[in-house]
Every structure is written in structure tokens, then in C-alpha cells.
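Examining the three-dimensional arrangement
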Amino acid sequence: MHDLRWAHGLGPALLAWCAGVALQLQQPALWPAEAYAALAALAVLVHWLRRWLGVVPLLRVCLACALLSFACTGGHALWKSPGMDPALEGQDLDLVGVVQAMPQRQDIGWRFRFQVEQAHAVLGGQRVQVPEHIQLGWYGQEGVSDSGWNVSALPEPVQAGERWRLRARLKAAHGNLNPRGFDHELWLWEQGIRATGTVRAGAAHPAPLRLAQTWRHPLEWWRQSVRDRLQTRLGGTGHLGNAGPNVGGIVVALVTGDQAAIDRSDWDVFRATGVAHLMSISGLHVTMFAWLAAMAVGWCWRRSALWGFKGALHWPAPQVGAVAGLGLAVLYAAFSGWGVPAQRTVWMLGVVVLLRLSARQWSAGLVCLLAAAVVLTLDPWALLQPGFWLSFVAVAVLLWSSQREGPRTDALPSNAPLWRTKLVPEQCVHRWRAWLGGLSGVPVLWPPWLARLGARVWGLLREQSLVTLALAPLCLLFFGQVSLVGLLANLLAIPWVSFVVTPLAMLGVLWSGFAVAAAAALKPLTVVLVWLASWPGASVNLAWPPWGFAALALLAALLWVSRWPWSWKLASLPLLWPALFWTVPRPAMGTYELLITDVGQGNAVLVRTAHHSLLYDAGPRYSAESDAGHRVLVPLLAQSAERLDVLMLSHRDSDHTGGAAAVMAMQPQARLLSSLEGSHPLLAMTTEPTRCTQGQTWDWDGVRFEVLHPPAEWAGRDAAPKPNALSCVLRISTGQHAALLAGDIEAPQELALVARGLAPVDLLLVPHHGSKTSSTPEFLQALHPKLALVQAAYRNRFGHPALAVVARYAGMQIRLIDSVHCGAATWRSDAPEQVQCERERSRRYWHHMPP
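Residues numbered from 1 in each chain as written. Predicted model: local features only at pLDDT ≥ 70, side-chain atom pairs only at ≥ 80, totals over all residues. Heavy atoms only, no water.

Further remarks concern helix α8 (residues 264–273). Within the sequence span of α8, burial applies to D266, W267, V269, F270, A272 and T273. In this structure, the buried side of α8 is in contact with α7 (247–256), β10 (481–483), α16 (486–507), α17 (512–533) and β11 (539–541). Backbone geometry just after α8 places G274 at a positive phi near 75 degrees. (Buried < 20%, exposed > 50% of the residue type's maximum accessible area, 1.4 Å probe, protein only. Helix = DSSP H or I, 4+ residues; strand = E, 2+ residues; numbered from the N terminus. Contact = heavy atoms within 4.5 Å.)

Spatially, the seven strands line up as an open sheet ordered β18-β19-β20-β21-β22-β23-β24, and their pairing is mixed. If you trace the sheet from one side to the other, it starts and ends with β18 (697–700) and β24 (815–818), each paired once. Taking the axes of each pair of neighbouring strands and ignoring which way they run, one obtains an average angle of 20 degrees across the sheet. Where strand β22 (residues 763–765) meets strand β23 (residues 787–790), three bridges bridge the pair, whose relative direction is parallel. Its bridge partner being in β23, L763 is matched across the sheet by L787. Contacts from helix α24 (residues 747–756) reach β19 (703–709) and β20 (729–733) within the one sheet, and its direction differs from that of β19 by about 120 degrees. (Pairing = 2+ DSSP bridges. Axes fitted to C-alpha atoms, helices over the stretch in contact; angles between N-to-C directions.)

If you walk through the whole model with that rule in mind, you get two disulfides. There is a disulfide in this structure between C692 and C728, and the S-S distance comes to 1.8 Å. In this structure, the disulfide formed by C692 and C728 twists by about -60 degrees around the S-S bond and is classed as left-handed. Here C692 is found in the loop between β17 (690–691) and β18, whereas its partner C728 is found in the loop between β19 and β20, with 36 residues between them in sequence. For the pair C692 and C728, one class covers both residues: buried. Here C822 connects covalently by a disulfide to C837, the sulfurs 2.1 Å from one another. Taking the torsion about the sulfur-sulfur bond, which here is approximately -105 degrees, the covalent link between C822 and C837 counts as left-handed. (Disulfide = S-S within 2.5 Å.)

In this section: the packing of aromatic side chains. All chains considered together, the criterion is met by 22 aromatic pairs. Ring centres of Y845 and W846 lie 5.1 Å apart, and the angle between their planes is 80 degrees; on these two criteria the pair is classed as edge-to-face. Its relative accessible area of 8% is what places Y845 among the buried residues. By relative accessible area, W846 is classed as buried at 4%. Each member of the aromatic cluster is reached from another via a ring pair, and the members are W189, W381, Y845 and W846. The ring of W110 carries the charged tip of R105 above its face, separated from the ring centre by 5.4 Å. Between the NZ or CZ atom of K569 and the centre of the ring of W566, over which it lies, the distance is 4.9 Å. (Phe/Tyr/Trp six-rings, centres within 6.5 Å; stacked < 30°, edge-to-face > 60°. Lys NZ or Arg CZ within 6 Å of the ring centre and 35° of its normal.)

Okay, the confidence of the model for the chain next. Per-chain confidence: the chain averages 84 in pLDDT, with 86% of residues scoring 70 or above. In this model residues 405–426 is a low-confidence stretch, pLDDT under 50, and it forms 25 contacts with partners more than four residues away in sequence or in other chains. Within the model, pLDDT remains below 50 along residues 435–442, and this stretch shows four contacts once partners closer than five positions in the same chain are excluded. (pLDDT = per-residue confidence, 0-100.)

Moving on, we come to the environment of W221. Here W221 shows up in helix α6 (residues 218–233). Here W221 falls in the partly exposed class, since its relative accessible area comes to 29%. Along the chain, W221 and G161 lie 60 residues apart, while their C-alpha atoms are 6.2 Å from each other. Discounting chain neighbours no more than four positions away, the residues touching W221 are Q159, A160 and Q213.

Let's shift gears to helix α12 (residues 364–378). With 15 residues, α12 extends 21 Å between its outermost C-alpha atoms, agreeing within 8% with the 21 Å of an ideal straight helix rising 1.5 Å per residue. The complete set of buried residues in α12 reads A364, L366, V367, C368, A371, A372, A373, V375 and L376. (Expected span 1.5 Å × (residues − 1).)

Taken N-terminus to C-terminus, the directions of α7 and α17 make an angle of 120 degrees; their axes are 9 Å apart at the nearest point. Here α7 lies oblique to α17, going by the angle between them. Relative to α17, α7 is oriented so that their crossing is right-handed. Two secondary-structure elements touch here, α7 through V247, I250 and V251 and α17 through A515, A518, A519, L522, K523 and T526. (Parallel < 35°, antiparallel > 145°, perpendicular 65-115°, else oblique. Left-handed = near helix turned anticlockwise from the far one by under 90°.)

Picture the strands of a sheet paired through backbone hydrogen bonds; they go either parallel or antiparallel. With respect to topology, eight strands assemble into an open sheet ordered β17-β16-β15-β14-β13-β12-β25-β26, the strand pairing being mixed. Each edge of the open sheet carries a strand with a single partner, namely β17 and β26 (831–837). As paired strands, strand β14 (residues 613–616) and strand β15 (residues 646–649) are joined by three bridges and run parallel to one another. Paired with Y616 across the two strands is M648, which belongs to β15.

If you walk through the whole model with that rule in mind, you get 22 salt bridges. The partner of D92 in a salt bridge is R169, and the shortest N-O contact between them spans 3.0 Å. Taken as a pair, D92 in strand β1 (residues 92–99) and R169 in strand β7 (residues 162–172) lie far apart in primary sequence, 77 residues in all. Given the relative accessible area of 17%, D92 is considered buried. Notably, a salt bridge pairs R163 with E117, separated by 2.9 Å at the nearest N-O pair. Note that R163 is positioned in strand β7 and E117 in strand β3 (residues 109–121), a separation of 46 residues in sequence. Exposure remark for R163: the relative accessible area of 22% places this residue in the partly exposed category. E117 sits in the partly exposed class, given a relative accessible area of 28%. Ionic contacts of the salt-bridge type, sharing partners, join the residues R586, E593, R608, E642, R828 and D830 into one network. (Salt bridge = Lys/Arg side-chain N within 4 Å of Asp/Glu carboxyl O.)

Here it is in C-alpha cells:
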């Protein structure tokens, strides 16, 4: 009885512990260490002073757990908080350190984690203090041109565990911040990276020097060796065959956890079919590996008693197998990079194994709560990752469904239909056999192995159906996409990948021939997945609902996988309505909204009216593998189910067109309006490209759009002295309030616009990111804007916005806002003096606040 009461009290206490962690993650800034220490002391007092407090015991314990977890999480954050000294940012530093993890190969060089041992300033030579763990990029010496990346000179290979002396330029860990977008700063914080930088290589700097191969990170060195060997054996990251997904890259990802080996187009197929979790190291792979290892070790342990080993008589085989499976799962997770999903699974398996060793039988909810509390204690910021919720909800549903018991079948008539019974798989198979025998009049005699196989298939179908239904609301919340073919795809992919492909791939660590066999086994599955993804309506893309609506949908899904009566399940259907049919509020008729996105060094502005949308520029290309389209704009448009009417590309520079291909592939109906030359490859992606010229006008929902530049006489010119001179300048107005998007025009174009006549505006997108060649006094005096916004990257190599330009705006009493300090900015014509900054709205303590 005492154990039962203790177990019943443990659940609320664990829930309170998780709630305390969640509350601390909402802090915009960290408190002093003394405040968290005082909070921990208060938690102890609340627990022990029960005689004077007179509080219900369970409530007292929950309050103490919440306060203590809040204090512990805050202390953990303080321990991680020391960052980059602003005085050292942008300076050349001579660093000595060790490559900490497996480097990521890119077409333009390497990216790798670096553990700093010594740091000296180049100017003065004094020793300086920098964060111990940083992320470095080492790119080709010739760098980047205005038209794209120059990859003609690549650096030499880097290997984990090597000690290097190199010159680098560092800056604080800073990332783009957009509404409900990927929080890169949170990811860096969770990884313990407090600064990023680039290696300085070239004629003006000493060449990086490899000092020695250490044994500081032997597991990472082994991972990299295996990855390089498999990529060479499987043809690098090339395709095995003429078409279809890159199965070689998938095998490499399954073995080493290098998700960059999988092509971007392949991820699209896997997400559309709902099997993305299978194609990289996930909780499922770690769990399956632990289960297979436990079965194998348990079998050998039982046989060892027959071989004369007396120890097998003292320790039960199930317990030995469980401990061995857990240990091997830890090794597998560590070899695959010790990613957050693998960590969560290891902690959950550890909890389950400990319960088995202690001979305790807990409910599924209690097991999941204990595992979640352990995970959040070690990694509190995992709570903000989609994988945390997906994995825990999936495991909770599986554990709960395996523990629930249906009504006894002998209480029902023998001819009762199957839908009226709650049968375990074996019972269901026997009932179907009896039903078939009744139809034919001949008893159906199935061999035992066939009955067991049928039971396994039925159990797999049932469990996968439950998980798919339960996770659908979460997939809609985090990704705005629900795969309608996911159930069928997972029924085929889970057993094949888990029991055939993954074991062969792991054996490829010992001999590459097994990896080739794994790739060959994966090929027919990928063909089926591509076929399923091509079905009409294979996946549904909806607007991302708010948290509250998603919670209601999740409640309805859990009711449908529960044992509640059908009347309750049908009554829960209205709970799905808000999440399924929610739409993002749009501006009223006669008004418009600008979302000036945070894309780094480039332009991308989303213009929305009551029923239409326009995207002005598509952001930069960050590297040969990454651009603002895939990383920022496509998710941003998907989360609101935005349908673009026009994509306007001001000019050809890659910081304005870098993400255009991805946006055009997602929005094929959008009309392209640009100043691109006739031979530009982007024009081939649309059927009716239009050249922007002065005088073009149109009206949407009471809002007027007018192109002010380039002049009509330039329409036949494919080139200008500089591409910036051809920038499309767009004026948006409602009669009372106006905005001007100026592209990269420079002083001559600004003066020409002033000569033709410019009406005042409320908001100006600062020309050329605040370059010294733009924002002339005459131009600003003619426009007389109240607000001006700069889209530029943090500590960009161009120095945008220039200090002289910033002073000019300040001298003319124009409020200047930049994306570095603001993040994404939202401006509405019906509130022209207000700008909503994403960094202010979603401020958290791990976000970098530039000086």
C-alpha cells in the first residue's frame, strides 16, 4: 500500500518538476546566481517545514519540485552563459586547439567544432580569453563574389582529434530570428557553442598548421574514418543508379549520424511520406538496436549455462540482456554523434531498465514522466525541440497501448463481431481462424508459426495506426504537414529499415561490403517511397495552428486511440476543427502589412493585403548547399499557408535572388516580375516572366502598387554599369500611408528618382543595406520617412550599415531599425508608427543581444 501511495504521488511531483523547467525557459534574461540559490533554499524549506505551513502534502511536494527544477535549470544556464567578449569580435586571433567533432564537408570548405586551448591577439600578441567551444568555417581562399561562391581553392582536409594552430576571426553566436522559424541560437546554446568564426587563410595571413594528431576525441575520429570510407565505397554522396534518392548518403547517415549526407530533395520525399525519422539516427533506431542486442545477449546467456558457465544460474537472462542492450545502445548513440534524439532514447531506456531491475511495474504515463524529468534535468532546452514531443508522445502511446487490457472475450457471444471486442493480437488471429472455418464448414488449421506471424503483423498495424493518429496534430503544429500515406509507408519502411537495412549498415563498420548490401536493400524501398510521394494528396499542407488549437487536436487524437466509448470519440471531433481550419489573420481591406524577414545579408520582404501576397526579393545564398529560400522563406510561407501572387526580384545579385529557386518551386503559380537579363536561369522556371519598368501599376484590395525604377527606356538592356542600377523600386500606398522598397539603388538612381518627383513615405527599406554609396541626403529629404529598416547580417564583411549612413539618418530624425537588433520586423499601414521586432517579442536569455 505504501508503494502504491508513493507511486501515485510521484506522478504529480514529476509533472511539477517538468513544469518548473518549462517556466524557466520563458525567462527573457537570467537572474543572478544568488537568486537561483535562494530559490533552491526556498524549495527545501517548503518541503521540510510542513508542520508550520499546513499545506496539503502532495501540493507541498509539487511546489518544492517546481521551485527546485526552476533553480537548477537557471543555474545550469548560468554555467553555460559566458560568451564572446564584444571587444574581441572582428579581431584576428591566433588560436591553438583541437578539432572536437567530425567535420562537415561542404562544397566550399569545412565546418567543424574547435576546442580552444590558447588564444592570442594578433595586434599586441597578448593572451586573450575566448569561449572554449566554438564553431569554425574554413573556406576556399578566394571566398565569395557578388554573383556566387568561388570554390576553385578548397582548404586541406581536417580530421577530428587533430591539434591545429590557425588564425581566425570570431563573433558571438548569432543567428536569424523569424516568426516560428528555426532558432539557430538555441541550437548553438544547446550544443555549448558560444562563438562562431572563419579561418583566415591567404597571402596576408599565415597558413593554418597541423601540429599533431591527438587522442582527445577517438570516437569522433573513428566516426569520421568510417564516414569517409563508406562515402568512398558508395561513390561519395552520389546516387546508386540513374535516378531516385541518394541511398549511399542514407546509409552513411544511418551509420554515422551525418544527416548532411542526405540530399535536400530526398528529405522532401521522406517528409511527404512520413518516414523522415527512419532515415537518420533517431530514437527508433537506438531502441531497435537495444532490443536486438538484449535478445542476442539474453540468448547467449541462457546457452552459457549449458556450456558450464555457473554465473548464468545467478543472474536472470532478461536482466543481463536488458543491461547489455542499454550499454550497447549507449555506444551506438555515442558513435552516431550523441544527438539529442539519441540522448532522449538512452535516458528513457535507462529508466525502463532500472525499473525492470527493481522489479517495479509502473504505468506508461509514470515511465514517460520519469524519463522526461531525467532528460530535462540533463538537457532542459530539449523541451523546445519538436523531436522531444514527437518521441515522448509516440513512446507513451505505445507503452500505454501495450499495458491496457480489454474486456474478457469469454464474456461475449462466440459469434460477436470483432469490432465489439478488445482483443490482443493472438486472440484476434484465433477469432479470424474460427470465422473462416465457420464460412467454409471445414476447420482452419494454421501452423503455430503462421499464427504468431499474423499476430505480429496485426500488432504492428495496430500500433503504427495509433502512433500515426496521435502524432498527426504535433506534425501539423511543428511542420504544417500531415502525410496521408504515412501509415502505409511506415508499415513498409519500419520493419525493413529496422531489421534489414540498419543491421547491414552497422555491419558496414566492420566491412564495407555490408554497407553496399544495405544500400542495395534500401533501393527498392526508396522507389516505393518516391511512388507514394507522387500520389495526389500524399501529404496535406496547412497553416501552422497556435499551441492551444494543437493541444485540443492532440486531446481529440488521444481520445481516439483510447478505450473511451465511441460516443466520446465522436463528440471530440469538433476539437479538431480549430487546428484543421485555422487561417492566419490578414490585413483589413484598404490596408497592408510588411514582414521584413531576418535573412542575414540580403533582402526579402513579404507584402500582404486582404487577399493577395507579394514577395520582394528572396534573400541570399549562404553557401553552395544552403540559401534563404530553403532555410527561411519556404518554412515562413508554409506556416501561414501563404499563396504568392507575385515574386519580385529587384536585380540579379545573389543576396537578392539566392532563395528564389526554392520559393518558385514551392509557389509555381507566382508571377515573376524582375530586372533579370534574358539568359538568367531563373527565367526558365516560369512560363510568363515580366520585366519590371517604371510606370507599372496595379491595385489589390484598395492598396496601390507602383514601380518607380528602372526607366522604361532600359527595358531592352540586359546589363548596366552595375547590376544595382537595374534594381526594381516598388512603392506601396493606401492614399494615406506608403512604403518604399528600394533594392540596391545607389546615388545616381536616387537622384534620378528625386528629379522625377518622390512623395513622402512612412517606411523606407534602406537602399543597398545601408552602403555608403546610397541614402543620399536629397533622397531622404524627398521621402522624409518616419521609419527606415536595414536588412544586413551581423558583423558582415561589407560593414553595412556604414557609420556615416547611420549618422545621416539620426541627424534627419529618422528612426533606423536593423535586422541584427530587431530580427524579423512586422509593420502595418494602419499602425504606421509601430514596428514589432521578433527579438523583442520572443526574447529569451539564450538570444544574443548585440551591443
